[in-house]
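Listed here are the chains, written in short residue letters.
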Amino acid sequence: MKADSTGLRVLSRAECLKLLASVPLGRIVFTDRALPAIQPVNYVLDGDRLVIRTTAGSKLALAVRDTIVALESDVFDPAGRTGWSVTVIGHAHAVPEGRGEFSRLVRLPLAPWTYRNGERPDVRDHYIVLPVEQVSGRRVETYP
């Protein structure tokens, strides 16, 4: 078992991807008007990339045009003192409507968790793809 300097178990790329696929929610880190911003997003793992669905005019959509972003996802059990955290870094880009890739992304199981002003799930038609260029993860394990 490989551990970091704090005793957390270091996860392999394969373990990180498996854990990312097991949860639908993470926090994306991007730059908004030269300041760091963090926003919760739901996503789906599509091979070696994360796909996020949002509205075209959202703060997130405007900020992550071909930029480097990070996404962190985790699960922790405070009572059991166990859990994991995975961070992805990559160049995010939008997939324009009309491309063949867009029609494939529409079919992914990626429905928005929230709706504003009565909007329907199909109104959020802007897809952001984040290739998993760098990934790191740690697991918290309690030993008897």
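Scoring rules and cut-offs
Residues numbered from 1 in each chain as written. Predicted model: local features only at pLDDT ≥ 70, side-chain atom pairs only at ≥ 80, totals over all residues. Heavy atoms only, no water. Helix = DSSP H or I, 4+ residues; strand = E, 2+ residues; numbered from the N terminus. Buried < 20%, exposed > 50% of the residue type's maximum accessible area, 1.4 Å probe, protein only. Contact = heavy atoms within 4.5 Å. Areas by Shrake-Rupley, 256 points an atom, 1.4 Å probe, with all protein chains shown as cover. Pairing = 2+ DSSP bridges. Salt bridge = Lys/Arg side-chain N within 4 Å of Asp/Glu carboxyl O. Core = buried A, V, L, I, M, F, W, Y, C linked by side-chain atoms within 4.5 Å. pLDDT = per-residue confidence, 0-100. Polar contact = N/O pair within 3.5 Å; in protein donor to acceptor, adjacent residues only side chain to side chain.

S.K.: I'd like to hear about the overall build of the protein chain, residue by residue, with values.
M.R.: Secondary structure summary: the protein chain contains 3 helices and 8 strands in total. Ordering the α and β elements of the protein chain from the N terminus gives β-α-β-β-β-α-β-β-α-β-β. Of all 144 residues assigned to the protein chain, the portion counted as buried reaches 39%. Put simply, 66% of the contacts in the protein chain that link residues at least 6 apart link residues at least 24 apart. When the accessible surface of the protein chain is split by element, carbon and sulfur atoms take 56% of a total near 8400 Å².

S.K.: Go over the pairing of strand β8 (residues 134-140) with me, naming the residues and quoting the values.
M.R.: Side-chain positions along a regular strand alternate between the two faces of the sheet. Direction of pairing for strand β1 (residues 9-10) relative to β8: antiparallel, over a ladder of 2 bridges. Of the residues in β8, the one forming a bridge with arginine 9 is arginine 139. Across 7 bridges, strand β6 (residues 82-95) lies against β8 in antiparallel orientation. By the bridge assignment for β8, tryptophan 84 is matched with arginine 139.

S.K.: Can you tell me about the pattern of salt bridges, naming the residues and giving the values?
M.R.: Going through the model one piece at a time under the given rule, you end up with 9 salt bridges. Between arginine 33 and aspartate 32 there is a salt bridge, with the nearest N and O atoms lying 3.8 Å from each other. Several salt bridges converge on common partners, so that one network encompasses Arg9, Glu15 and Glu141.

S.K.: Describe the nonpolar core, listing the residues and the values that go with them.
M.R.: Here is a general trend for soluble globular proteins: nonpolar side chains tend to be buried in one another's company. If you look at the biggest cluster of nonpolar residues, it comprises 25 residues, and the most contacted ones within it are Ile28, Phe30, Ile52, Leu60 and Leu71. Secondary structure elements with two or more residues in this core: α1 (13-21), β2 (25-32), β3 (35-45), β4 (49-54), α2 (59-63), β5 (67-77), β6 and β7 (126-131). Residues in contact with leucine 71, not counting those within four places in the same chain, are Gly26, Arg27, Ile28, Val41, Tyr43, Leu50, Ile52, Val86, Thr87, Val88 and Leu130. By size, the runner-up hydrophobic cluster in this structure holds 9 residues, among which are Val44, Val51, Phe102 and Tyr127.

S.K.: Outline the confidence of the model for the protein chain, listing residues and values.
M.R.: Taken as a whole, the protein chain shows an average pLDDT of 86; of its residues, 89% reach a score of 70 or greater. Considering each helix and strand of the protein chain separately, the mean pLDDT is smallest for helix α3 (residues 100-106), with a value of 76, and largest for α1, with 97.

S.K.: Describe in detail the side chain of serine 73, supporting the description with residues and values.
M.R.: By the element assignment, serine 73 lies in strand β5. The class for serine 73 is buried, based on a relative accessible area of 0%. Only 2.8 Å separates the side chain of serine 73 from the backbone oxygen of leucine 25, close enough to count as a polar contact.

S.K.: Requested: an account of the environment of glutamate 101, with residues and values cited.
M.R.: Structurally, glutamate 101 is set in helix α3. Residue glutamate 101 is classed as partly exposed on the basis of its relative accessible area, which comes to 23%. Beyond its immediate sequence surroundings of up to four residues, glutamate 101 is in contact with Arg49, Val95 and Val129.

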